[in-house]
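Breakdown of the fold
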Amino acid sequence: MKRPLSQSQIVCISLLWLALCYLVLTKAERIDGMTLIMLALSAALVFIPVYKSIKRNK
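Report on the accompanying structure. (Residues numbered from 1 in each chain as written. Predicted model: local features only at pLDDT ≥ 70, side-chain atom pairs only at ≥ 80, totals over all residues. Heavy atoms only, no water.)

1. Regarding the packing of aromatic side chains
Spelled out, the test is: Each Phe, Tyr or Trp ring, with Trp reduced to its six-membered ring, pairs with another whose centre is within 6.5 Å; inter-plane angles below 30 degrees give stacked pairs, above 60 give edge-to-face pairs, and intermediate values give tilted ones. Helix and strand definitions follow DSSP, with helices as H or I runs of at least four residues and strands as E runs of at least two, each counted in order from the N terminus. A simple rule labels every residue: compare its accessible area, found with a 1.4 Å probe on the protein chains alone, to the largest value its type can have, and call it buried under 20%, exposed over 50%, or partly exposed in between.
Across all of its chains, the model carries one aromatic pair by this definition. Ring centres of W17 and F47 lie 5.2 Å apart, and the angle between their planes is 80 degrees; this geometry places the pair in the edge-to-face category. Within this pair, whereas W17 is found in helix α1 (residues 7–27), its partner F47 is found in helix α2 (residues 33–57), the two being separated by 30 residues in sequence. On the accessibility criterion, W17 (15% relative accessible area) is buried.

Set out below in structure tokens:
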């Protein structure tokens, strides 16, 4: 990522990820280990770049 994310981009990314989690957890017939692993993996893929961007903004 060449330039840091703006605050509004960070908020939008976070809200989209939370909406995805909400849909997965409410629509799943059962919540097993694989579902939780996929949510944790998606959190890492989403929030590591966000964290790096916030760190660069300081």
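2. A closer look at a nonpolar patch on the surface
Formally: Within this analysis, patches are made of residues with over 30% relative accessible area and no salt bridge. Like charges are joined at 9 Å or less; nonpolar side chains (Val, Leu, Ile, Met, Phe, Trp, Tyr) at 5 Å or less. Working definition of accessibility: Shrake-Rupley area with a 1.4 Å probe, residue cover restricted to the visible protein chains. The term salt bridge refers to a side-chain nitrogen of Lys or Arg lying within 4 Å of a carboxyl oxygen of Asp or Glu.
On the surface, a nonpolar cluster with roughly 530 Å² of combined accessible area is contributed by M34, I37, M38, L41 and L45. With respect to the element layout, L41 can be found in helix α2. The class of L41 is partly exposed, set by a relative accessible area of 44%.

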